[in-house]
Amino acid sequence: SGAFEPLRNPYLILVKMSKVSNKAKHAGNVMRNVKVDKLVLNISCGGSGDKLTKAARVLQQISGQEPLLSKARYTLRSFGIRRNEQIAAHVTVRGAKAVEIIERGLKVKEFELKYQNFSKDGNFGFGIDEHIDLGIKYDPSTGIYGMDFYVCLTRPGRRVQRRKYKARRLGVQHKVHKDDAIAWFEQTFDGIVSGKRR
């Protein structure tokens, strides 16, 4: 009708403007750059024995490191799992090797993840069904294993919170959040996040 219509919620517009200005202000700050802290690869076998040994061998082939075996925290009779029984193998990878394995894993997913794959703390995870998709040659004696990828992201300066001497609280603005992790994934791997909230 041409009449003046007041803003429905001016506070939300101010908040959005402040977020945009903060991003522009920190654009050239190297301490704000998001990077990979670590990658955790996990294969859960549901029991000990030869199957778990082969799963550990697969992780060693992928990472070049000696994997650790995880124990069950409590007994599950319906699954035949006893407390303190070794049921899974995992390995933690850092540095350039971690980024390389992440890229190989995302290639299997065609660089597409769901919005739900990202946590509120700025980490994300996904799974693959067959380890041979990572470029490992199929071995009939080993078989085929699926595995979980979990990626932890961080910013320079996180050590302040973890160091033994004069540890300090990390500021909220310096922590990696869900939106930061999604932006890093899209920029680094030219990835696609489906089901993203607007």
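Please refer to the structure higher up on the page.
Let me sum up the structure you'll find in this document. (Residues numbered from 1 in each chain as written. Predicted model: local features only at pLDDT ≥ 70, side-chain atom pairs only at ≥ 80, totals over all residues. Heavy atoms only, no water.)

## Some details on the nonpolar core
Stage number 1. Counting residues in hydrophobic clusters, the biggest one holds 39 residues, and the most contacted among them are Leu41, Met147, Phe149 and Leu153.
Stage number 2. Elements that contribute at least two residues to this core include exactly β1 (35–44), α2 (50–63), β3 (86–93), α3 (95–108), β5 (124–128), β6 (147–154) and α5 (178–189).
Stage number 3. The element that contributes the greatest number of residues to this core is α2, accounting for 6 residues. (Core = buried A, V, L, I, M, F, W, Y, C linked by side-chain atoms within 4.5 Å. Buried < 20%, exposed > 50% of the residue type's maximum accessible area, 1.4 Å probe, protein only. Helix = DSSP H or I, 4+ residues; strand = E, 2+ residues; numbered from the N terminus.)

## Thoughts on the pattern of salt bridges
Stage number 1. This model, assessed by the stated rule, comprises 5 salt bridges.
Stage number 2. In this structure, Arg162 engages Asp37 in a salt bridge whose closest nitrogen and oxygen atoms are separated by 3.7 Å. One end of the pair, Arg162, is in helix α4 (residues 159–162); the other, Asp37, is in strand β1, with 125 residues separating them in the sequence.
Stage number 3. Given the relative accessible area of 53%, Arg162 is considered exposed.
Stage number 4. One salt-bridge network, in which partners are shared between bridges, spans Asp37, Arg94 and Arg162. (Salt bridge = Lys/Arg side-chain N within 4 Å of Asp/Glu carboxyl O.)

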